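# An overview of the molecular structure
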Amino acid sequence: METIYLIFIIFLGGAILTWMAGKLGNLVQDLVFLASLLVPAFLFFTRITTGDSVSFQMSGVDMVWQINAFGWLFSLIVLGLGVVAGFYVVGSRKGKERKGIFYFNFILSIMAMLGILFSRDFVSFFIFWEIMTWSSYIMVVFNGNDIQRIGIKYFVFSAIGAYAMLMAIVIIHSITGSFNIDFFIEVFPAMTFQMQMLLPILLLIGFGVKAAIMPIHVWAPGAYSNAPMGYTAVFSGALSKMGIYGMAIVLATMISHIPQGFFFREILAWLGGITAVMGTLWAVFQDDAKKLLAYSSIAQLGYIIVGVAIGTPLAMMAGLFLAVMHALFKGTLFMVVGAIERQTGTTNFTEVTGLIRKMPWTFVAALFSIIALAGIPPLGGFIAKWMLYESLIQSNHYLLVIVIFFSSTAAFLYCYKFLFGFFLGQEEKEWAHVKEAPAMMVVPMMILAVATFVFGAFPGLILNPIDAGMQTLGYQSTQGHLWEMSVIFNQWGDQVAMTPIIYSIIGIFLFFLVFLTIKGFKTTKYVTTKDISSSGEIPKEHENLTFSIGFMQPFYRAVEPVMKRQVDKYYTAFGNGMEALFDFTRRVYTGNGQTYALYVILFVVIMLMFKDSIFG
């Protein structure tokens, strides 16, 4: 269909025009940027249906672009979050420099992710994957902070994933003679045992890098926290899901066909569980909100990987539902932090607090998202986590249930730390000037926050597209009886009713909202930070113990032995060793002609000495 071509032409042309439109004024540039996101999204959701495809040849390679139900599910994340975040970045970038390059790479990232979902041949898939990687890399180093460490680390791990994927593509073409993904999936069961083992591993490495699964996750904390917050909402919420998208396809269409698929799934599920636990522990340790959310994103991706790896119908549905919810609540939280950074100039809990009255709408958005992240009803995070726990119990993964439950419980610590650190602490006089963020930033946050409630109360809105997408992967249709898959769906499923528990939670929330609002009209009493809490610790005279700093000290001591083992140290040591080796090798090239002549003579002598063993 011509509409598919038109969507990508508008994306690419819009990116270029947005870059150039800066010369015509900020307003024109902002309008062109938003149009470049809104028009393709409108065309996609109104003119494109599952099964629509186009095909063409490029350099003798057959290229096929087609959207199926599984790709359409992820397009909801990419385009939905991309458009909402687009309005947010217009507000967040107001008055900032280099908007052209920012908008350009933002649009390219959305275009590339949609291209990945359309691609039904490996050449298109890899091209769009690289566009996504390069555009996101430019955004990671956009602020110019610690480029040598963060930027290079992201680039190196992205290259590792890309080369693993490229190696798999080359092998697939050499065996099948085709780059067509559907044809490869069809002939995969007939391949040799060695290829059935090698190809999934190579592809999972490529997808696992983007999904930030341990131990190839070390790029994510720096990349997520260093990129501009308007982009990080898409980076964490949507771009990471491209790894989940690829992993789900590999697990459902390839690993399910090999006898050793069970071990693949178990190993991947446990890696996901470890990722969830370690990501959560590191998030609790952070005093900077950017890094806290970065590690939290790694942990949440771990939950998703567990569900996708276990692979039962309920587990896969739980993983995919959590993928959608993660895009919503984590996208919102990154926007919240971006708004706080814009209004206060910092994202550190130890520097700013008591913003609930200064930024009330931002607080509400943060509160909804934190509730969803923590898995508390009636928001969507509760539905996803319940399904995940139930699927693990049904599949006899009792130890993994304990691991995931521990991670989810420990997450309450950083959830509380986030809310109290920014909003619920004492009001400091130096932040008396702070005002609410601009409407262009607040409205997108509230849209995403409300969506977490809507999908929690009416999960069928997301479960039905998930069901259709899973059928594309080979799962049986539920024939509309989604609520029969889990005991919770009797109350919370497709035919949800607003049960008394929901009314109770809303009533309690409204009561305390009114109570705190009325109480807030009283004169604020300013006290020193030491009067807040010392959490059982005995503070020394020079120590500044607040909830956000000292509250976790007993927990820190309990988990410190676990945190000492950092895989990043081993990568760093390896990198330093390679750098030393290359530095030594570089000294060989002196630029002196006599030295090179000596090298030639030594080479000839060695060849003569070992000519018999070399040439027989």
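This section reports on the structure supplied with the text.

Cut-off values and rules
- Residues numbered from 1 in each chain as written.
- Predicted model: local features only at pLDDT ≥ 70, side-chain atom pairs only at ≥ 80, totals over all residues.
- Heavy atoms only, no water.
- Helix = DSSP H or I, 4+ residues; strand = E, 2+ residues; numbered from the N terminus.
- Buried < 20%, exposed > 50% of the residue type's maximum accessible area, 1.4 Å probe, protein only.
- Contact = heavy atoms within 4.5 Å.
- Core = buried A, V, L, I, M, F, W, Y, C linked by side-chain atoms within 4.5 Å.
- Axes fitted to C-alpha atoms, helices over the stretch in contact; angles between N-to-C directions.
- Parallel < 35°, antiparallel > 145°, perpendicular 65-115°, else oblique.
- Left-handed = near helix turned anticlockwise from the far one by under 90°.
- Nonpolar A, V, L, I, M, F, W, Y, C, P; charged D, E, K, R; others polar.

The next point concerns the overall build of the protein chain. Broken down by element type, the protein chain carries 26 helices and two strands. A total of 616 residues make up the protein chain; the buried ones form 55% of that total. For the protein chain, contacts bridging at least 24 residues in sequence account for 78% of all contacts bridging at least 6.

What follows is about the nonpolar core. Judged by nonpolar contacts, the single largest core of 197 residues is most densely connected at Phe 74, Phe 106, Trp 219, Phe 235, Phe 418 and Phe 423. It is helix 14 (residues 313–344) that contributes the most residues to this core, 21 residues altogether. Excluding residues within four positions of it along the chain, Phe 235 makes contact with Ser 136, Val 140, Tyr 154, Trp 219, Ala 223, Tyr 224, Ala 227 and Ser 240.

Turning our attention to the environment of Thr 50. Mapped onto the secondary structure, Thr 50 falls in the loop between helix 2 (26–47) and strand 1 (53–58). Residues Thr 50 and Asn 68, 18 residues apart in the sequence, show an inter-C-alpha distance of 4.9 Å. The residues touching Thr 50, leaving out its near neighbours within four places in the chain, are Ile 67, Asn 68, Ala 69 and Trp 72.

This part takes up the packing of helix 2 against helix 3 (residues 69–92). Relative orientation of the contacting elements helix 2 and helix 3 amounts to 160 degrees, with a least axis distance of 10 Å. It follows from the interaxial angle that helix 2 and helix 3 lie roughly antiparallel. For the crossing formed where helix 2 meets helix 3, the hand is left-handed. Between helix 2, through Asp 30, Phe 33, Leu 34, Leu 37, Leu 38, Ala 41, Phe 44 and Phe 45, and helix 3, the contact on the second element is made entirely by Trp 72, Ser 75, Leu 76, Leu 79, Gly 82, Val 83, Gly 86, Phe 87, Val 89 and Val 90. When the residues that make up the contact of helix 2 with helix 3 are grouped by side-chain class, the tally is 14 nonpolar, three polar and one charged.

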